[in-house]
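Listed below are the residues making up each chain.
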Amino acid sequence: MPARLATQLAAFQEALARVDSEAALYELQVAYLGKKGAVTQLRGEMGKLPPEARKGFGAEWNRVRDAIEAELEARRTYLKDQARRLDLARVDDLTLPPLRPPAGTLHPLSQTRRRLSESFQRLGFSLAVGPHVEHSKYNFDDLNVPQDHPARDMADTFFIRPHRHPGFDDGSDNDAAMRLRAGELVLRTHTSPVQVRTMLSQKPPIRIVALGTTFRCDDDATHSPMFHQIEGLYVDRGVTMADLKATLMDFTRDFYGRRLDVRFRPSFFPFVEPGAEFDIGCPFCGGDGCNLCKRTGYIEIGGCGMVHPAVFEACGIDPEVYTGWAFGFGVDRMTMSQHAVPHLRHMFEGDVRFLEQFP
Amino acid sequence: MKISHHWLSEMFVEGALDAALAAWSAEGKAAAWTRLLTGLGLEVEAVQAVGEAVRSIVVGEIRGKSPHPQADKLTVVELFDGTGVVQVVCGASNLPAIGGKVAFAPVGAVLPGGLAIAARELRGVASHGMICSEAELEIGADDGGILVLPESWRAGERLVDRVPGIVDTILELGITPNRPDALGHLGVARDVATKLGLPLRPPAVRRPDAPDAPGLVSIAAPDRCGRYLGYVLEGMSVQPSPLWMRVRLHRLGLRAISNVVDVTNFVLMECGQPLHAFDRDRLAEGRVVVRRAERDEPMTTLDGTQKLLTAEDLVIADASAPQALAGVMGGAHSMVHAGTHNLLLEAAWFAPAGIRATARRHGYATDSSYRFERGVDHGVGLERAALRALELLLELAGGRCTAWTDAPGERPPAPTIALRLPRVAALLGVEVPVSTARAVLAGLEVQVREDSPEVWTCVAPTHRPDLRREVDLIEELMRFYGLDKVPARLTVPQAARAAAHSDPVTELGDRLAEGLRDAGLHEHVAMAFVAENKVEFFAVPPERRVRVENPMRAAGVMRTHMLPGLLDALAHNVARHTRPVRLFEVGRIYAWPERHVLKDGPTAAIDALLPLERAIAAALIYGGAKGGVQAREITGAAVQALARVGLRARPVDPPTPAAHLHPGVQAALAVGDAIVGEAGEVHPDLIRAWDLPEGTRVYYAEIAVEALPARVTAKARDLPRFPSTARDLSLEIPVTLSAARVVAALTRAAITCTAQEHVELQAAQSVGFAEGKIAPGAAGEVRLAADSFGEPAIEVLEDYRGAGVPAGHRALLLRLHYAAEQRSVTDDEAQALHTAIVAAACEALRVDAPTVRPR
Ligand SMILES: [Zn+2]
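Values in this document were obtained by computation on a predicted structure and should not be read as measured data.

### Looking at the overall build of chain A
Phase 1: Per the secondary structure count, chain A includes 13 helices and nine strands.
Phase 2: In terms of overall size, chain A is more extended than a compact globule, its C-alpha atoms giving a radius of gyration of 43 Å where 359 residues would be expected to give roughly 21 Å.
Phase 3: With respect to the three principal axes, the spread of C-alpha positions in chain A is 135 × 65 × 45 Å.
Phase 4: Out of the 359 residues belonging to chain A, those deemed buried represent 53%.

### Quick look at the pattern of salt bridges
Phase 1: Per the counting criterion, the structure on display carries 79 salt bridges over all chains.
Phase 2: Between D848(B) and R741(B) there is a salt bridge; the shortest N-O distance is 2.9 Å. You can see D848(B) sitting in the loop between α20 (827-845) and β41 (853-854) and its partner R741(B) sitting in helix α19 (residues 739-753), a full 107 residues away along the chain.
Phase 3: Classification of D848(B) by relative accessible area gives exposed; the value is 59%.
Phase 4: Each of R113(A), R114(A), E507(B), D510(B), R511(B), E514(B), R517(B), D518(B) and R644(B) takes part in a single network of salt bridges with overlapping partners.

### Describing the coordination of the zinc ion
Residues and elements named next belong to chain A.
Phase 1: For the zinc ion, every protein donor is listed as C282 (SG), C285 (SG), C290 (SG) and C293 (SG), and the spread of their distances is 2.3 Å.
Phase 2: Each of the four donor atoms around the zinc ion contributes to a set of angles spanning 102 to 113°, which defines the coordination as tetrahedral.
Phase 3: Here the donor residues of the zinc ion are spaced in sequence according to C-x2-C-x4-C-x2-C. For the pair shown, C282 and C290 are each scored as buried.

### Re the sheet that holds strand β6 (residues 262-267) of chain A
All names here are of chain A.
Phase 1: Sheet architecture is open: seven strands sit in the order β1-β4-β5-β9-β8-β7-β6, paired in mixed fashion. Looking at the sheet topology across the chains shown, the edges are occupied by β1 (126-128) and β6. On average, each strand axis in the sheet is tilted by 25° relative to the strand beside it, whichever way the strands run.
Phase 2: Both strand β5 (residues 226-236) and strand β9 (residues 323-330) contribute to a ladder of eight bridges, which runs antiparallel. Counted as the bridge partner of Y234 is W325 from β9.

### A look at the sheet that holds strand β23 (residues 416-420) of chain B
Residue and element names in this part refer to chain B.
Phase 1: Pairing is antiparallel in the open sheet, where three strands are placed in the order β23-β25-β24. Both outer strands of the open sheet, β23 and β24 (447-449), are each paired with one neighbouring strand and no more. With direction set aside, neighbouring strand axes in the sheet form an average angle of 30°.
Phase 2: Taken together, the three bridges between β24 and strand β25 (residues 455-459) define a ladder with antiparallel strand orientation. Along β25, the bridge assignment pairs R449 with T457.
Phase 3: Sheet strands touched by helix α12 (residues 434-443): β23, β24 and β25. Its angle to β25, the strand with the most contacts, is close to 10°.
Phase 4: Helix-sheet contacts for helix α13 (residues 470-481) involve β23 and β25, and the interaxial angle to β23 is about 60°.

### A short note on helix α11 (residues 331-339) of chain A
Phase 1: All of the buried residues in α11(A) are V331(A), D332(A), M334(A), T335(A) and M336(A).
Phase 2: In the stretch just after α11(A), A340(A) is the one whose phi turns positive, near 55°.

### Describing the environment of L428(B)
Phase 1: Note that L428(B) resides in helix α11 (residues 421-428).
Phase 2: With relative accessibility at 0%, the residue L428(B) sits in the buried group.
Phase 3: The spacing of L428(B) and K485(B) is 57 residues in sequence and 9.9 Å in space, taken between C-alpha atoms.
Phase 4: In this view, L428(B) contacts T240(A), M241(A), A242(A), P274(A), I474(B), M478(B) and V486(B); residues no more than four positions away in its chain are not counted.

### Quick notes on the UniProt feature "domain: B5" (unreviewed entry) in chain B
Phase 1: UniProt records the feature "domain: B5" (unreviewed entry) at residues 412-488 of chain B, using the numbering of this structure.
Phase 2: The span residues 412-488 of chain B is 39% helix and 17% strand, and its two end C-alpha atoms sit 39 Å from each other.

### Digging into the interface of chain A and chain B
Phase 1: Taken together, the contact between chain A and chain B spans 108 residues of the former and 98 residues of the latter.
Phase 2: In this assembly, chain A packs against chain B so that about 8,700 Å² is buried in total across both faces, 58% of it on carbon and sulfur atoms.
Phase 3: A per-residue breakdown of the area chain A buries against chain B is headed by R161(A), P266(A) and V352(A), which together make up 7% of the total.
Phase 4: Along the contact surface separating chain A from chain B lie 10 salt bridges.
Phase 5: A salt bridge links R265(A) to E43(B); its shortest N-O distance comes to 3.7 Å.

Rules behind the numbers
Residues numbered from 1 in each chain as written. Chains lettered and ligands numbered in written order. Predicted model: local features only at pLDDT ≥ 70, side-chain atom pairs only at ≥ 80, totals over all residues. Heavy atoms only, no water. Helix = DSSP H or I, 4+ residues; strand = E, 2+ residues; numbered from the N terminus. Rg over C-alpha atoms; globule rule 2.2 N^0.38 Å. Buried < 20%, exposed > 50% of the residue type's maximum accessible area, 1.4 Å probe, protein only. Salt bridge = Lys/Arg side-chain N within 4 Å of Asp/Glu carboxyl O. Donors = N, O, S within 2.8 Å, 3.2 Å for Na, K, Ca; no water. Tetrahedral: all angles 85-135°; square planar, octahedral: opposite > 155°, others 65-115°. Pairing = 2+ DSSP bridges. Axes fitted to C-alpha atoms, helices over the stretch in contact; angles between N-to-C directions. Contact = heavy atoms within 4.5 Å. UniProt positions renumbered as here; feature names shortened; annotations may be inferred. Buried area = accessible area lost by both parts, 1.4 Å probe.

Right under this line is the structure:
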């Protein structure tokens, strides 16, 4: 091998051993095999050689170039491999506490209300709403609870202090409206006035649920003066108590994920006749008996019955043509048993340590 | 209502009830009663077996008494227990004389309270057993001394053999207001008899052999008193009742008083009929008048309180003055006392609504008013109750009935009800067999005329005022046939099911709640009423506040704002831990309108009387003891919530500042040109008012749910094909000039500097703010770029205050993006437009803030 070729090859090999990055490797490649590279330039000198020596030199030069290229490639592979190994040696502990945006929660009451509302919408019930401050006509009278009737004692009522009616926007002062009497306006004691409002406003078939805040003067470990109710109403031709039972069973299947037994016990609510309390098979033990159902296999849910003809008459619906059923129950107690909430007061205190437990 | 099993069994042939109950169910007395009565709508709330421990108590006879050598208050008694004489030490002061009879618990007995009697020494003297008080035996309330028994009883006799029903089962029933008849044993027994198919055999009564004395009673208010039975009894002797009577009343929670009073209470519990006994010698002219009171007529009731009556109160007066508040409470003057000899016994029917109004007006709730306001029997049952009392009075207090009368008033008519049998199945979805229907109506004493197989004409008995129309009878049939026989079967085709829909405001509120939850807030539910002092900070004046007449927890005002509830919760948290508090609530606020809005529709007339209720979504953020919350997190939460309902909101200068927020840290929330909410730091005065630590920074935002449009569906915009070019701008402005105003001015300037016709300008004059929508420009024209929502691409990068900026000023770093349709923008054209926009914007801003300048 010509001495100059050998020298360059040796110099290359010495430099190659020091190369520790792909960038340096590229620089080295340029320094030896680039347009003005040291080895490339030696090829230019071939012309100065005697013709008989050219062939031999050319072959040698090719060998040296191939050798350099092969070593460059080998080094490149080696460096890539090194880099990959290094990258794979990294450790980042993903069992450290996850970084997440601050987690908010919906109130357990809201969660239950939404689930109830979705369940009943799937069963074909529309959502109906009404005011919290209600007229006693809708809260009592039209629901067959006349003034001076003991049934009014069934709900301890919050009364709204009479207000001097300011008159109407058109400037008129309706005389009757100006004479709001004490006891005429109340905080609704149940969601049932929504039944009246709906029956006054639309013709059968009516299939609604009303879900919302209700109020009674009751304040102890198991009663809050503000609580929540859901109420269902179905009015059409041919509606029966059997239909009510089947619908409530359909509801348990949707809400609890399995069809639970529904049991009626005769009871009295002025706006239904016959009236009943209804229990459902305990969703926690499936009816076998547990602490939550006091070993009875049933959980008391609420009241129900066939809409009283007097209610239909007050709402302008002919009870000879239409029949209907209604049911209602408390959302708070259901929520508490679903989530095992130990104290009612937790529900309305707003303690974030409580609220964050319901993701 | 407490019901005694023993008492119920007296309403049947002896032994019949126990046998029938056992035949009906083998599950035991408590379980059988619970299932039977609850199945009839007479809900059994509790069952208690009583008196078992009394079985070991015997009659003891005192044979000797000597003082205890070591203790003044103790007596050593020689007691004969029927077989032998034992020595017992007793501490009572009412020990009878030698030969007297007492209740004796021998060694080995266990008292109801669990005390096991053993032989023991009391201060050195042996005592073999215990002489008991009625309280210790739990058969009476008297714990002031031992129970002294009649001398005629023989030593060694068991108390249980002497006092029938001392061992008993007491049922606690929840009686619904429609069932006044079930407020007595007889009514409950009637249901039981009907259910078990057992003949009812209540104790027999008979009319007194005495002359009618029409002058005894006159009814001057026949509309309020339907019937008044009066009986004169002479030669009575008022004294304590015998033990069986006292035990009977005690078991039902009543206190024994005297034989006369006890008998009226006994009949109340047996028949559900309130009675009243007057001392007839205290009645002027010995007669009564049922009349309305004079206005402000005074009367002292037997509890000693003096009342001024109204002309709507019904009284039982003598010839001169009221002697009883009819159906509510007797009067003090004519009440029965120890020296009473002659009685006038009253059994009457008073109109329910009037009794209820009087009881409420004067603040009474008595056993008597409770029953009268629900409606007692005015027929056979009324006289039956009176005669039962008469019988017992003569038995327990001696004397004789010398006159009586039955004075008529206006009795409520018994409605005739057509019962259409097919209607039963039409309503219930199940057939009740005709034989069952017949038996049930007969058992309930409903008169039935079977006009046809399909229609029966029925007249309800006077003891069931709740049976007024067909459905009431259908309910009775179902009650006895068994509500558990109603099948679960959909009876209406699915046709009506299609159109279930939600409520738009509820829907919006739910979505906002989800947005706030996603912003890391916890949902809170606060009471809708608050204390007056908590609403004083908010803009609703006192006359528009909605007040509760009878508040609890002193919370007498319906909330006018959401902040008090959230601040209460915050204070609750801060008092208990040091963590951050991030809360929200979606709820209603209440206020009387300034003028009522008269609407159309079937409920409009009522709605016009009601206060306004507005739905609000409110959020509160507090960084905890360590702080570290930025004011802008609250606007972030609000904007996020609004994004959830498809709305792009931004904070702008408030049109009028909110007084409950810090004057320098607040904004209004705008969607398009509408203001939908507010946000800011809670005013330091409120922090102080809620006793939060001085300097606590709390941020609040609210969104008026009803102000929002129904859900908006986003429309896609074409993507820009050529890149935009950005130019930064540092603007020195007063701290009081808001970023929103600066951005608005730049937008407006951009609109002026480019072609007007390509811009839809929506001016919101109320806030001095204009929002531009950037429309695609003509091909090739350079303009302010639009962001993905079609709004001007002006970013606010930094709010710098510090070195190099004059006092009262700040440097706002903004970035404006420029673009053109169908080509790239050159640096030169972008710069030219930028320079023009900045100059125009600065000029506009300097009208209000002369110191504005680019840096
Ligand atoms: Zn269970």
